[in-house]
Amino acid sequence: MKERRVPAWLSASLAVGAFVALWLAERRRPLRRAVESEGMHGARNLAVAVAAAAALQLVERPVVGPLTKIVERRGWGLLKLARLPRWMETALAVVLLDYTLYLWHVLTHRVPFLWRFHAAHHVDLDLDASTALRFHFGELAISTVWRGAQVALIGVTPLSLSVWQTFLFLSVLFHHSNVRLPVEIERRLNLFVVTPRMHGIHHSIVREETDSNWSSGLTVWDWLHGTLRLNVPQDEIAIGVPAYREPEEVGLAEVLKMPFGEQRAAWILPGGVRPSRAPLPVAPNHLLP
Ligand SMILES: [Zn+2]
């Protein structure tokens, strides 16, 4: 029987199409002002992305792909407890994968060993579609363990996994992008999915702001956990991690070596000051321009 999944050509074309469209839109309507030179920033992020893609191909795929086939054949996982129509099982699998990714994202910030790797993503001084690709290869290799657990416990089939991966990749490209959407449109979109202004707040140097907006697809998880924070004006956000404010500290070699060296106190500026923000006059769930 032919395996059901999203064809590779389709997910690849959607990904490339979205990346090009966002790249063009970022140049026409930028949301935040860039700190680093565009060429340098983009080249570095793409180099980190090549290593990340290799980790996915060499570590995650050989483990998770066959595991979804075993799960399907043996009927493992929560979703196999009920006999659901295939479309409903696929939709629920995508939702549960999205929720458990929220939990993993919280862990990458809370567990010091995981933060060593996730910090390589957060120290980027600018946030755009190229940042969406810039994850440390170690983070992606380690997350294979979590992905395997998600697949086995939820009961993720090859079809569900491919639908979720396609959706997630497009979502991650979109919410890391530096595209200025009309705020009214973004407010509406943000009721459902993570948007650029929302994720920009997660990349702020103010720790309380980074400790919010952990969702990667649907916004509902932050809303349910009370970690949704939308009331920070984008032009007041400094992107990055306080301990690494200079471009020389976040070069390609520094980023790749980051998890393996001595760790700095991430949330304190070199002068010893902890970035903070005066209370904002609007409710946390009100998206500001
Ligand atoms: Zn993060």
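Preceding this paragraph is the structure being described.
Figured I'd write up the structure that's included with this text.

The rules we used
Residues numbered from 1 in each chain as written. Predicted model: local features only at pLDDT ≥ 70, side-chain atom pairs only at ≥ 80, totals over all residues. Heavy atoms only, no water. Helix = DSSP H or I, 4+ residues; strand = E, 2+ residues; numbered from the N terminus. Rg over C-alpha atoms; globule rule 2.2 N^0.38 Å. Buried < 20%, exposed > 50% of the residue type's maximum accessible area, 1.4 Å probe, protein only. Donors = N, O, S within 2.8 Å, 3.2 Å for Na, K, Ca; no water. Core = buried A, V, L, I, M, F, W, Y, C linked by side-chain atoms within 4.5 Å. Contact = heavy atoms within 4.5 Å.

Moving on to the overall build of the protein chain. Secondary structure summary: the protein chain contains 11 helices and zero strands in total. The order of α-helices and β-strands along the protein chain, N terminus first, is α-α-α-α-α-α-α-α-α-α-α. Over its C-alpha trace the protein chain gives a radius of gyration of 19 Å, about what one expects of a compact globule, namely 19 Å for 289 residues. With the C-alpha coordinates of the protein chain rotated into their principal frame, the extents come out at 60 × 40 × 35 Å. The 289 residues of the protein chain split such that 49% are buried.

It is worth spelling out the coordination of the zinc ion at this point. Looking at the zinc ion, one finds its protein donor set to be H105 (NE2), H109 (NE2), H118 (NE2), H122 (NE2) and H202 (NE2), positioned 2.1 to 2.2 Å from the metal centre. Written as a sequence motif, the donor residues of the zinc ion are H-x3-H-x8-H-x3-H-x79-H. With H105 in helix α3 (residues 86-110) and H202 in helix α8 (residues 196-202), this pair connects stretches of sequence that are 97 residues apart. With respect to burial, H105 and H202 carry one shared label: buried.

Take unusual backbone geometry next. Note on backbone geometry: most residues besides glycine have negative phi, and most peptide bonds are trans. Positive phi values are uncommon outside glycine, yet N213 reaches one of about 55°. One can find N213 in the loop between α9 (207-210) and α10 (220-225). Among the residues examined, N213 registers a relative accessible area of 0% and is labelled buried.

Grouped together as the largest cluster of nonpolar side chains are 26 residues, with contacts concentrated most on V151, V156, L161, W164 and L173. Those elements that place two or more of their residues in this core are α1 (8-28), α2 (38-74), α3, α5 (137-154) and α6 (158-176). The residues touching W164, leaving out its near neighbours within four places in the chain, are V94, L97, D98, L101 and R147. Judged by nonpolar contacts, the second largest core, of 14 residues, contains V48, V241, A243 and V255.

The analysis is restricted to geometry; functional conclusions fall outside its scope.
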